[in-house]
Amino acid sequence: KGVDRNHALHLMASAIKKHQNAILEANTLDLEASREMAVPELLVDWLKLTPERIQATVQILQRLGELSDPTQPIMNSIYQVDQCQTYTQLVPLGVIALIYESFPELGAIVAGLCLKTGNSVILRGGTEAAHTNGIIAEILQTSLDGAGFSPTCLQLLTTEQGTSTRDLIIQDQYINLVIPYGRPSLVQQVMRQAATPVL
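Residues numbered from 1 in each chain as written. Predicted model: local features only at pLDDT ≥ 70, side-chain atom pairs only at ≥ 80, totals over all residues. Heavy atoms only, no water.

**Brief notes about the overall build of the protein**
The criterion, for reference: Working definition: helices are DSSP H or I runs of at least four residues, strands are E runs of at least two. Numbering for both runs from the N terminus. Radius of gyration here uses only the C-alpha atoms, and the compact-globule reference equals 2.2 Å multiplied by the residue count raised to the power 0.38. The buried label applies to any residue whose accessible area, calculated with a 1.4 Å probe on protein chains only, is under 20% of its type's maximum; exposed applies above 50%, and partly exposed to all values in between.
The helix and strand inventory of the protein stands at eight helices and six strands. Beginning at the N terminus, the succession of helices and strands in the protein can be written as α-α-α-α-β-β-β-α-β-α-β-α-β-α. What you see for the protein is a C-alpha radius of gyration of 18 Å, in line with the 16 Å of a compact globule of 199 residues. Counting every position in the protein, which comprises 199 residues, the buried fraction comes to 44%.

**A closer look at empty space enclosed by the protein**
As a reminder, the rule being used: The distinction between a cavity and a pocket rests on a 1 Å grid over the protein atoms alone: a 1.4 Å probe fits inside a cavity but cannot get out, while a pocket stays open yet meets protein on both sides within 12 Å along at least five of seven lines, and a residue with an atom within 4 Å of a point counts as lining. Grid points are joined across faces, edges and corners, and a volume is the space filled by probe spheres set on the points. Polar here means any residue other than Ala, Val, Leu, Ile, Met, Phe, Trp, Tyr, Cys and Pro, which are nonpolar, and Asp, Glu, Lys and Arg, which are charged; Gly is therefore polar.
Enumeration over the complete set of coordinates arrives at three cavities of 30 Å³ or more. For the largest cavity, the calculated volume is near 70 Å³. Looking at the largest cavity, the residues that line it are Gly-125, Gly-126, Thr-127, Ala-130, Asn-133, Gly-134, Leu-156, Leu-157, Thr-158 and Thr-159. Per-element tally for the lining of the largest cavity: the top contributor is helix 6 (residues 130-146), with three residues. Of the residues assigned to the lining of the largest cavity, the class counts are three nonpolar, seven polar and no charged.

**Description of the packing of aromatic side chains**
Stated precisely, the cut-off is as follows: Each aromatic pair joins two rings of Phe, Tyr and Trp (for Trp, the six-membered one) with centres within 6.5 Å, and gets the label stacked for planes under 30 degrees apart, edge-to-face for over 60, and tilted for any other angle.
By the definition in use, this model includes two aromatic pairs. Judged by centre distance (5.7 Å) and plane angle (75 degrees), the ring pair of Phe-103 and Tyr-181 falls under edge-to-face. Residue Phe-103 is found in the loop between strand 3 (95-100) and helix 5 (104-116), and its partner Tyr-181 is found in strand 6 (residues 177-181); the two are separated by 78 residues along the sequence. Taken together, the ring pairs in this structure connect Trp-46, Phe-103 and Tyr-181 into an aromatic cluster.

**Considerations on the pattern of salt bridges**
The condition is simple: Salt bridge, as applied in this entry: a Lys or Arg side-chain nitrogen positioned within 4 Å of an Asp or Glu carboxyl oxygen.
This structure, assessed with the given rule, holds four salt bridges. One salt bridge connects Arg-183 with Glu-101, and the closest N-O pair in it is separated by 2.6 Å. Residue Arg-183 is found in the loop between strand 6 and helix 8 (184-193), and its partner Glu-101 is found in the loop between strand 3 and helix 5; the two are separated by 82 residues along the sequence. When its relative accessible area of 27% is taken as the criterion, Arg-183 is described as partly exposed. Given the relative accessible area of 10%, Glu-101 is considered buried.

Take a look at the structure:
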């Protein structure tokens, strides 16, 4: 129900705020490793979290928790059939996969959007943000569990699990939509290889 999802979103926002220091510590580890791996400066800029960026993420999750349930309204359909009453209702897509480079807070924001709309989410971040993505996903899963949702409605796939981006985006029997976010080369790769719809 929408009220339960709103409760979960508020728990997620509070948990991100509460664990800000741990997130920033994990982010420092990623930044140090990225310099050693000669990660492009653009990705390092995207990767670097600040208290302000974390606070913006918290505010987005809180705002999502205040909005009305988008899956409830029933509207008159623009397509009318003689002798019939037609209507439309927004429904969840199912499972959404986010493929993203750096921007670790994006995982939390997209997880919030997916929860709000009744969808499950698979996060596949870059290796340059592994520590930060890991702790954010753990915080969000704990919040989901605390709100009575299965933590498995949010999954983080890591390179250590041996699942490549290509392996993920060809799973059209399990994934309903793929969203790539990052450099044009990543977006083009996903669009070229995906067997699922791409946004």
